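Observations on the model geometry
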Amino acid sequence: MIPLSRGPVPATADAVVIGGGINGLAVAYELAGRGLKNIVVLESRYIGSGSTGRCGGGIRAQWTTKENIRLAQESVAMYENMSAELGYQVFFRQGGYLMITENEKDLPALRDAVALQNSCGVPTEFLPPSDCRKIVPDLDVSRLVGATFCPKDGTAYPFAVVWGYARACHRRGVRIFIRTTVKEMLAQDGRMRGVVTDRGVIHAPVVVNSAGPWARHLAAQVGVSLPNRQERHEIMVSESLKPFLDPMVISITNGIYFSQSLRGEIVGGIGDPHEPHWTDPAEFDTRSQLVFAVRFARALTALYPRAAQVRMMRQWAGMYDVTPDHRPILGGVPGLEGYHHICGFSGHGFMLGPVTGRRMAEHILTGRPDEIITSLSLDRFERGDLQADAFVVG
Ligand SMILES: Cc1cc2nc3c(=O)[nH]c(=O)nc-3n(C[C@H](O)[C@H](O)[C@H](O)COP(=O)(O)OP(=O)(O)OC[C@H]3O[C@@H](n4cnc5c(N)ncnc54)[C@H](O)[C@@H]3O)c2cc1C
């Protein structure tokens, strides 16, 4: 059982965190660990009900920009220790990530990525197609031209991670209110004053907007204009099979990814460039689509023909909160003291949540500049300081 607060919300708090996904819970946990008292997390539905509970659970340090590699590397290290840190089994398994391509033109980028990752201490290697079968024996490598593999990448169980954070938050005195929606953010004279919820007003000098795909909408209430747009992504789950697949397989050619869960299911997804983009939460549509099921099944069986005999059992959809450079937006905004956002993670917020939570907590409490937070601040879009990472998939 996750200990959740009941009854009316408190009239005051030292910090209000909006969102009970990985980002909200991680930053609340880290703030409490640094001695901040009276922290309240507000979640409009249930813990993990946003993108976090709908994600693929993938965690990798294989990126093509130094900043992304460093951030993800720190997160991998945190995931390695997470079950012990939170006192809760989060089922982090390091089966590696096999990143494959069918395009000759990707090969220089793959080789450069390996060199950069190795220079950062990430033990990635380049593999010719034939070697991919040593890692995934029945993979059809006939169309592949190469791959990279990092054995330290892996997956964790998303609900266990948020449940673990929620329990650990509780031990540190954080109060988590579910079924509590922030209706309005309150700002006056250049400072955050708190939030209005459907269960009462909370006055607080610090408000963290970690509402995932809903963050843009909330930010607009205090005059903060986020460039984020939201996109539906789906996941398909098969019947349970005997263990046959250690790594996450991911194609930078068509965006398919799949791994095998602890229950033996194939769990995977594939992006669809035809999906519409939304910015108004009222338009979010997370109904399952047949077109996704067909797209995924075709791409999976093309790569892994034995999957043609496997029954697909269920699928679900969730929202990506996408920024123009597919990198998160962290920090605050000038002229609005006490306001902070942690959002815009595209398909990578589960893997980055622990480290961005830790860095943001430190930054919020000390006010010290953090080079990663600075580089991921909202004003980078005005500065035009955008970094494209060739390993953004989906
Ligand atoms: C299909 C799919 C697959 C993915 N796969 C991966 C993956 O393999 N690896 C990876 O790293 N990332 C993956 N992602 C991305 C990842 O899920 C997200 O980046 C991450 O979960 C974002 O976490 P969050 O805490 O910021 O947001 P969320 O988990 O969405 O949490 C935000 C919470 O805020 C709550 N909320 C919203 N508005 C309000 C309000 N007004 N008041 C109170 N509460 C509010 C919502 O109910 C929600 O629970 C995937 C996403 C999807 C959809």
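Notes on the structure in this doc start here. (Residues numbered from 1 in each chain as written. Predicted model: local features only at pLDDT ≥ 70, side-chain atom pairs only at ≥ 80, totals over all residues. Heavy atoms only, no water.)

**Here's the deal with the environment of G200**
Operational definition: Put simply, DSSP marks the helices as runs of H or I at least four residues long and the strands as runs of E at least two long, and each gets a number from the N terminus on. The contact definition used throughout considers only heavy atoms, calling two residues in contact when any of these lie within 4.5 Å.
Here G200 lies in strand β11 (residues 200–203). On a C-alpha basis, the gap between G200 and G357 in space is 27 Å, while along the polypeptide they are 157 residues apart. Apart from residues no more than four positions distant in its own chain, G200 is found in contact with V9 and V195.

**Looking at the side chain of E265**
As a reminder, the rule being used: We call a residue buried when its accessible area falls under 20% of the maximum for its residue type, exposed when it is over 50%, and partly exposed in between, using a 1.4 Å probe and counting protein chains only. Here a polar contact is recorded for every N or O atom pair within 3.5 Å, except that within protein the pair must consist of a potential hydrogen donor and a potential acceptor, and residues adjacent in sequence are included only if both atoms are side-chain atoms.
Inspection of the secondary structure assignment puts E265 in strand β16 (residues 265–269). Note on E265: relative accessible area 9%, which makes it buried. Polar contacts involving the side chain of E265 include one to the side chain of R314, which spans 3.4 Å. Once you skip the residues sitting within four places of it in the chain, E265 turns out to touch V237, S238, E239, S240, L241, S259, Q260 and R314.

**Things to note about the sheet that holds strand β2 (residues 39–42)**
Basically, it comes down to this: We call two strands paired when DSSP finds no fewer than two bridges between them. Fitted lines through C-alpha atoms give the axes, limited to the stretch in contact for helices. The angle between two N-to-C directions lies from 0 to 180 degrees.
A sheet is described by the order of its strands in space; here six strands give the open sequence β8-β2-β1-β12-β20-β19, paired in mixed fashion. Both outer strands of the open sheet, β8 (175–177) and β19 (329–331), are each paired with one neighbouring strand and no more. Strand-to-strand, the axes of this sheet are offset by a mean angle of 20 degrees, without reference to chain direction. With three bridges connecting them, strand β12 (residues 207–209) and strand β20 (residues 339–343) associate as parallel partners. Of the residues in β20, the one forming a bridge with N209 is H341. Across the sheet, helix α9 (residues 349–366) lies against β12, β19 and β20, angled at about 170 degrees from β20, the strand it touches most.

**Quick look at the pattern of salt bridges**
This is how the line gets drawn: Any carboxyl oxygen of Asp or Glu within 4 Å of a side-chain nitrogen of Lys or Arg constitutes a salt bridge here.
A complete count under the given rule lists 24 salt bridges for this structure. A salt bridge links E102 to R143; its shortest N-O distance comes to 3.7 Å. Taken together, the residues span a long stretch of sequence, with E102 in the loop between β4 (97–101) and α4 (107–119) and R143 in the loop between α5 (129–135) and β6 (146–150) at a distance of 41 residues. In this structure, the salt-bridge partner of E362 is R368, at a minimum N-O distance of 3.1 Å. With relative accessibility at 29%, the residue E362 sits in the partly exposed group. Residues joined in a network through salt bridges with shared partners are E30, R34, E362 and R368.

**Regarding a nonpolar patch on the surface**
Which entries qualify depends on this criterion: Patch definition: residues above 30% relative accessible area lacking any salt bridge, with like charges linked at up to 9 Å and the nonpolar side chains Val, Leu, Ile, Met, Phe, Trp and Tyr linked at up to 5 Å. Where accessible areas are quoted, they stem from the Shrake-Rupley method and a 1.4 Å probe; at the residue level, only the protein chains shown are allowed to cover.
A surface patch of nonpolar side chains, amounting to about 380 Å² of accessible area, comprises F91, Y157, W163 and L262. Structurally, Y157 is set in the loop between β7 (154–155) and α6 (158–171). The class of Y157 is partly exposed, set by a relative accessible area of 38%.

**A word on the site of the ligand**
Going by this rule: Proximity is defined per residue: if any heavy atom of the residue lies within 4 Å of a molecule or strand, that residue is considered near it.
Of all residues adjacent to the ligand, which total 41 residues, the nearest are N23, E43, S51, T52 and M351. At a separation of 2.9 Å, a nitrogen atom of the ligand approaches a polar backbone atom of V182. About the coverage of the ligand: the protein hides 96% of its 1000 Å² of free accessible area. Among the elements of the structure, α1 (22–33), β13 (229–240), β18 (312–322) and α9 are those that each provide at least two residues to the shell around the ligand.

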